[in-house]
Amino acid sequence: MTLFHFGNCLALSYAPYVITYRYSSLPEYNAFWKCLKAGLAYLATQAIKMVVLATFFASSEGGSGSNVDYNVEIMKGTMDLLDFLGMYVIMQRLRVTGQGDLKILAVALGWGFAELVCTQLLPLWVQARGVEFSWVNVQTALESNICLLQHITRAGLVWLWMRNDLRKHFFPLVGLLLVLSNYRSLQVSAAASLTESVWLQLLSKFAYAGTAAFTTLLLYLTVSPSK
């Protein structure tokens, strides 16, 4: 039973990535290795972030109770700026024949899948195979789906920022969305401090990610997708 629960949670976490890749146009352009390069870029970026955090930031003591340490969250958000830099570099180096959405998907899927393996695979293996059933594992798997939407949004915003044919009056909006997506952990933590329900927290994350994704899609449609 525990192995069956682990398999369900594993499928719920990873199946959206596989389905998105399989039913997009990426296989037609042999973009698997492009996704792999994006995953390696994620690993390199996280290594740099850990070195910077260990060198320039003192380790913070945990806050009391469930209070949110906003200084820590702001520091995390600031360090996440390196993620945009990593996405920017890999997106410049990738050569994906076809429309712009292929490059966005290749970077988002590779980046997100690598993050999922590094941050959730081991905890899922340990917790989901426990004796007692826990909704925490299902909630973690559902959150990985929200993260996929967030990664596609962030990759799309980076791609838009790189475009020189995007209308100039849209650049401030793209920059604002980049900043907001960068500090999403701060906003999520603030929402978590308002309610103890994990399901409501997941709903707030989905609402935030969905709004950012829809806005990014509208901005993407203003640029010729074939370029």
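Computed from a prediction, not measured in an experiment: that's the story for all the values here.

The rules we used
- Residues numbered from 1 in each chain as written.
- Predicted model: local features only at pLDDT ≥ 70, side-chain atom pairs only at ≥ 80, totals over all residues.
- Heavy atoms only, no water.
- Helix = DSSP H or I, 4+ residues; strand = E, 2+ residues; numbered from the N terminus.
- Buried < 20%, exposed > 50% of the residue type's maximum accessible area, 1.4 Å probe, protein only.
- Areas by Shrake-Rupley, 256 points an atom, 1.4 Å probe, with all protein chains shown as cover.
- Expected span 1.5 Å × (residues − 1).
- Arc of directions from axis to C-beta.
- 1 Å grid on protein atoms, 1.4 Å probe; cavity = no way out; pocket = protein on both sides within 12 Å on 5 of 7 lines; lining within 4 Å.
- Points joined across faces, edges and corners; volume = space filled by probe spheres on them.
- Nonpolar A, V, L, I, M, F, W, Y, C, P; charged D, E, K, R; others polar.
- Core = buried A, V, L, I, M, F, W, Y, C linked by side-chain atoms within 4.5 Å.
- Phe/Tyr/Trp six-rings, centres within 6.5 Å; stacked < 30°, edge-to-face > 60°.
- Lys NZ or Arg CZ within 6 Å of the ring centre and 35° of its normal.
- Salt bridge = Lys/Arg side-chain N within 4 Å of Asp/Glu carboxyl O.

S.K.: Help me get a handle on the overall build of the protein, residues and values and all.
M.R.: For the protein, the count of helices and strands is nine helices and zero strands. Each helix (α) and strand (β) of the protein, taken in turn from the N terminus, gives the series α-α-α-α-α-α-α-α-α. Taking all 227 residues of the protein together, 40% fall into the buried category. Counting only carbon and sulfur atoms, one obtains 66% of the accessible surface of the protein, whose full area is about 13000 Å².

S.K.: An account of helix H4 (residues 81-93) is requested, with residue identities and associated values reported.
M.R.: With 13 residues, H4 should reach 18 Å at 1.5 Å per residue; the first-to-last C-alpha distance of 19 Å fits that figure. Taken residue by residue, H4 has Asp83, Phe84, Gly86, Met87, Ile90 and Met91 as its buried positions. All buried residues of H4 fall inside an arc of 160° around its axis, so they share one side.

S.K.: Lay out the layout of surface pockets in plain terms, naming residues and giving numbers.
M.R.: Space inside the second largest pocket adds up to approximately 330 Å³. Phe32, Cys35, Leu109, Gly110 and Phe113 are, among the 13 residues lining the second largest pocket, the residues nearest its centre. Tallied by class, residues from the lining of the second largest pocket come to 11 nonpolar, two polar and no charged.

S.K.: Got a sec to walk through the nonpolar core? Specific residues and values, please.
M.R.: Residues Leu26, Val107, Ala155, Trp159, Leu160 and Val174 are the most contacted members of the largest nonpolar core, which totals 38 residues. Looking at this core, the element that brings in the most residues is helix H5 (residues 100-127), giving 10 residues.

S.K.: I'd like to hear about the packing of aromatic side chains, residue by residue, with values.
M.R.: What the rule picks out here adds up to six aromatic pairs. For the pair Phe32 and Trp33, a centre-to-centre distance of 5.4 Å together with 80° between the ring planes defines the contact as edge-to-face. Residue classification places Phe32 among the partly exposed positions, given a relative accessible area of 46%. For Trp33, a relative accessible area of 57% gives the class exposed. Between Trp161 and Phe171, the ring centres sit 5.6 Å apart and the planes meet at 80°, which makes this aromatic pair edge-to-face. On the criterion of sequence distance, the pair formed by Trp161 in helix H6 (residues 135-162) and Phe171 in helix H7 (residues 171-182) is long-range, its members being 10 residues apart. Judged by its relative accessible area of 42%, Trp161 is partly exposed. One residue, Arg22, lies across the ring of Tyr23, its end atom 5.5 Å from the ring centre.

S.K.: Describe the pattern of salt bridges, and please don't skip the residues or the numbers.
M.R.: Under the definition given, this model contains three salt bridges. For Lys49, the salt bridge is made with Asp83, and the minimal N-O distance between the two is 3.4 Å. Taken together, the residues Lys49 in helix H2 (residues 32-56) and Asp83 in helix H4 connect sequence positions 34 residues apart. Residue Lys49 shares its accessibility class with Asp83, and that shared class is buried. Ionic pairing is found between Arg163 and Asp165, a salt bridge with its closest N-O pair at 3.1 Å. Accessibility expressed as a relative area gives 17% for Arg163, which makes it buried.

S.K.: Before we move on, could you go through empty space enclosed by the protein and cite the residues and values that matter?
M.R.: To find the voids left in a structure, one rolls a probe of water-molecule size over its atoms. On inspection of all chains with the given rule, the structure shows one cavity of 30 Å³ or more. Empty space within the largest cavity amounts to approximately 50 Å³. Taken together, Gln150, Thr153, Arg154, Ser181, Arg184, Tyr208, Ala209 and Ala212 form the lining of the largest cavity. Of all the elements in the fold, those that place two or more residues in the lining of the largest cavity are H6 and helix H9 (198-221). Of the residues assigned to the lining of the largest cavity, the class counts are three nonpolar, three polar and two charged.

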